[in-house]
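# Report on the structure
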Amino acid sequence: MPHSLQQQLDDFLAFATGDVLVWHDLTGAAYELGRRLDLPDDVKLYVETDTPRFELICALNNIAPDERAFVIRARRHRVEEDDWLADIEARAENFEPDLAGLSPVDIEPSLTPSGLTAPEECAHDIELSAEAEQTGQELQTSQIELTGAWYTRDAFREALERTGIAASSADEIAAAATAAGYAFFADCAIRGNHDSPAEYYRMLFAAPLVTHDSLPKDMLSASSFKSYLSSAQAAGTVFDYDKDTWITTAGLQELEISRADLDAFAKESVVASVAAGIPQFTVPWLRANAAGIALLAYGLSDIFYESALLSRKRFCTRGHLGGRRIFAEPHTQARGRDLVTSLLERENSLDIDELCEILAEEYDIGITIPQLVSLIRATNLFYSPELDRVYVSHDQFIREVE
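Computed from a predicted structure; not experimentally measured.

Definitions and cut-offs
- Residues numbered from 1 in each chain as written.
- Predicted model: local features only at pLDDT ≥ 70, side-chain atom pairs only at ≥ 80, totals over all residues.
- Heavy atoms only, no water.
- Salt bridge = Lys/Arg side-chain N within 4 Å of Asp/Glu carboxyl O.
- Helix = DSSP H or I, 4+ residues; strand = E, 2+ residues; numbered from the N terminus.
- Buried < 20%, exposed > 50% of the residue type's maximum accessible area, 1.4 Å probe, protein only.
- Contact = heavy atoms within 4.5 Å.
- Polar contact = N/O pair within 3.5 Å; in protein donor to acceptor, adjacent residues only side chain to side chain.
- Pairing = 2+ DSSP bridges.
- Axes fitted to C-alpha atoms, helices over the stretch in contact; angles between N-to-C directions.
- Arc of directions from axis to C-beta.
- Core = buried A, V, L, I, M, F, W, Y, C linked by side-chain atoms within 4.5 Å.
- Patch = residues over 30% accessible without salt bridge, like charges linked within 9 Å, V, L, I, M, F, W, Y side chains within 5 Å.
- Areas by Shrake-Rupley, 256 points an atom, 1.4 Å probe, with all protein chains shown as cover.
- Lys, Arg positive; Asp, Glu negative; His and termini not counted.
- Charge placed at Lys NZ, Arg CZ, Asp CG, Glu CD.
- Phe/Tyr/Trp six-rings, centres within 6.5 Å; stacked < 30°, edge-to-face > 60°.

### Description of the pattern of salt bridges
On inspection of all chains with the given rule, the structure shows 19 salt bridges. Close ionic contact of Arg 324 with Asp 302 constitutes a salt bridge, the shortest N to O distance being 3.5 Å. Separated by 22 residues along the polypeptide, Arg 324 in strand E13 (residues 324-328) and Asp 302 in helix H15 (residues 302-310) bring together distant segments of the chain. Relative accessible area serves as the criterion here: at 12%, Arg 324 is assigned to the buried category. Here Asp 351 and Arg 389 are joined by a salt bridge, their closest N and O atoms 2.6 Å apart. A residue pair is termed long-range when its members are at least 10 positions apart, and Asp 351 in strand E14 (residues 349-351) and Arg 389 in strand E16 (residues 389-391) qualify at 38 residues. Overall, the relative accessible area of 32% leaves Asp 351 in the partly exposed class. When salt bridges that share partners are traced, they join Lys 44, Asp 66, Glu 67, Arg 335, Arg 337 and Asp 338 into one network.

Here it is as structure tokens:
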């Protein structure tokens, strides 16, 4: 049973790293539900059909360095030259929820049972018609030899064609899958009798370490795999070990790292930042200022420690700036602008160059001065272009220049 739509979205937003995120609305659910979804403070919602084109393009091109745009498009995901959002389509991360198996109540409590009907293409399993069952019986007499353990829908169809079997409809492909010993799902075919893609993916993550290149390349971009991975990371059963590898619960056990250790790491990190007077922090800041935290002694990668903190949602909030994850104590904002505000509240005023240096040297946040200025203008801070200096308030500016 898939998670609720809100939980799927929470997991996606927690681990997506792009500044523009897109939900391609194939069912009508996005348009009806988009405004009711609970989005983090750093995510701005844009519904394509509600926003003039030029206004939307300007908004997406002027996203603050610590914000993300979540765009609902009433079309399929495809990059076309005549699409005025083609550049965004080419680079955006896509939210592809699993709506199959979710009742309208699971998706949105305010909708009646007739308020949403998932189309056939979104069904998690394909049920065979009587005609397709007959086709399957005929195919069982054929020699279908497929060697792959996992295929995308298109790749599976191509593999069938190479064996001399022409299957075009969903029923025909599903029948061929059954005859060849595969379970057929909305976005993939998997060898064996699996109840869901997630069941198969859990098998793949049984090893202590799983490298990205050990999995089919197409699998990494499949919606069912991305949904499983984000859910597993949010649940704390899979973590980023480095940029090319995941570590599982089994791997953590080999390192003698328990769930209690991960909880303690998140709690101690927050305590260290609060004690330093700045409630927002990054992993590089922790390494330099809180080296006594036990889990840091393992010397693992930044991406692992960030992944561990992301899985501890009840202990810390999260945001980003300049490609770096920012965290903060619960009920405190972790956006880049909040970190900048905290620094100014401590110092009262800073030269813009000096502020850039603090972010780079203490927090490992790479951000240009124009980006920083645009961020400051989105806050209640006061920036003097003439002095190239940022003040905690306009009153502070007056006091210093008088």
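Still more ground to cover, so stick around.
### Overview of the environment of Arg 389
Here the alpha-carbon distance between Arg 389 and Ile 352, two residues 37 residues apart in the chain, equals 5.2 Å. Setting aside chain neighbours within four positions, we find Arg 389 in contact with Ser 349, Leu 350, Asp 351, Ile 352, Phe 382, Tyr 383, Ser 384 and Glu 400. At 2.6 Å, the side chain of Arg 389 and the side chain of Asp 351 are in polar contact.

### Considerations on the pairing of strand E12 (residues 317-321)
Here E12 pairs with E13 via five bridges, running antiparallel. Opposite Arg 318, over in E13, you have Phe 327 as the bridge partner. The hairpin turn running from E12 into E13, its antiparallel successor, is two residues long, and Gly 322 in that turn takes a positive phi close to 60°.

### Details of the sheet that holds strand E15 (residues 382-384)
Sheet architecture is open: three strands sit in the order E14-E16-E15, paired in antiparallel fashion. Edge positions in the sheet fall to E14 and E15, since each has one partner strand and no second. Across the sheet, the axes of successive neighbouring strands diverge by a mean angle of 20°, strand direction being ignored. With three bridges connecting them, E14 and E16 associate as antiparallel partners. By the bridge assignment for E16, Ser 349 is matched with Tyr 391.

### Details of helix H7 (residues 153-162)
Residues of H7 that are buried include every one of Phe 156, Ala 159 and Leu 160, and no others. Buried residues of H7, viewed axially, fall in a sector of 100°; they line one side. In the core, the buried residues of H7 are packed alongside strand E5 (150-152), helix H8 (170-179), strand E6 (182-184) and strand E7 (188-191). Two residues or fewer after H7 comes Gly 164, characterised by a positive phi angle close to 90°.

### Here's the deal with the nonpolar core
Phe 265, Phe 304, Val 340, Leu 355, Leu 372 and Ile 376 are the most contacted members of the largest nonpolar core, which has 53 residues in total. The set of elements that each furnish at least two residues to this core consists of helix H1 (5-15), helix H13 (259-275), helix H14 (283-289), H15, E13, helix H16 (336-347), helix H17 (352-363) and helix H18 (369-376). A per-element tally of this core places H17 first, with six residues. Sequence-distant contacts of Val 340, defined by excluding residues within four places in its chain, comprise Leu 355, Leu 359, Leu 372, Leu 375, Ile 376 and Leu 381.

### Looking at a negative patch on the surface
Together, Asp 353, Glu 354, Glu 357, Glu 361, Glu 362 and Asp 388 line one region of the surface with negative charge. Checked against the element boundaries, Asp 388 lands in the loop between E15 and E16.

### Brief notes about unusual backbone geometry
Here Asn 348, not a glycine, exhibits a phi torsion of approximately 75°, which is positive. Assignment of secondary structure puts Asn 348 in the loop between H16 and E14. Residue Asp 388 is not a glycine yet carries a positive backbone phi of 50°. Overall, the relative accessible area of 38% leaves Asp 388 in the partly exposed class.

### Points about the sheet that holds strand E9 (residues 238-242)
The pairing of strands in a sheet comes from backbone hydrogen bonds and takes either a parallel or an antiparallel form. Spatial ordering of the open sheet is given by E8-E10-E9, a layout of three strands whose pairing is antiparallel. Two strands lie at the open edges of the sheet, namely strand E8 (209-211) and E9, each paired on one side alone. When strand polarity is set aside, the average angle formed by the axes of neighbouring strands in this sheet is 35°. Here E8 pairs with strand E10 (residues 245-248) via three bridges, running antiparallel. Directly across from Val 210, in E10, lies its bridge partner Trp 246.

### Details of the packing of aromatic side chains
Considering all chains together, one arrives at 22 aromatic pairs under this definition. With 6.5 Å between their ring centres and 25° between their planes, Trp 23 and Phe 70 make a pair best called stacked. Of the two residues, Trp 23 sits in strand E1 (residues 20-24) while Phe 70 sits in strand E3 (residues 68-73), which places them 47 residues apart along the sequence. Exposure remark for Trp 23: the relative accessible area of 3% places this residue in the buried category. Ring plane angle 50° and centroid distance 5.3 Å describe the contact between Phe 265 and Tyr 305, whose orientation is recorded as tilted. One end of the pair, Phe 265, is in helix H13; the other, Tyr 305, is in helix H15, with 40 residues separating them in the sequence. Overall, the relative accessible area of 0% leaves Tyr 305 in the buried class.

That is the geometry; function is a separate question.
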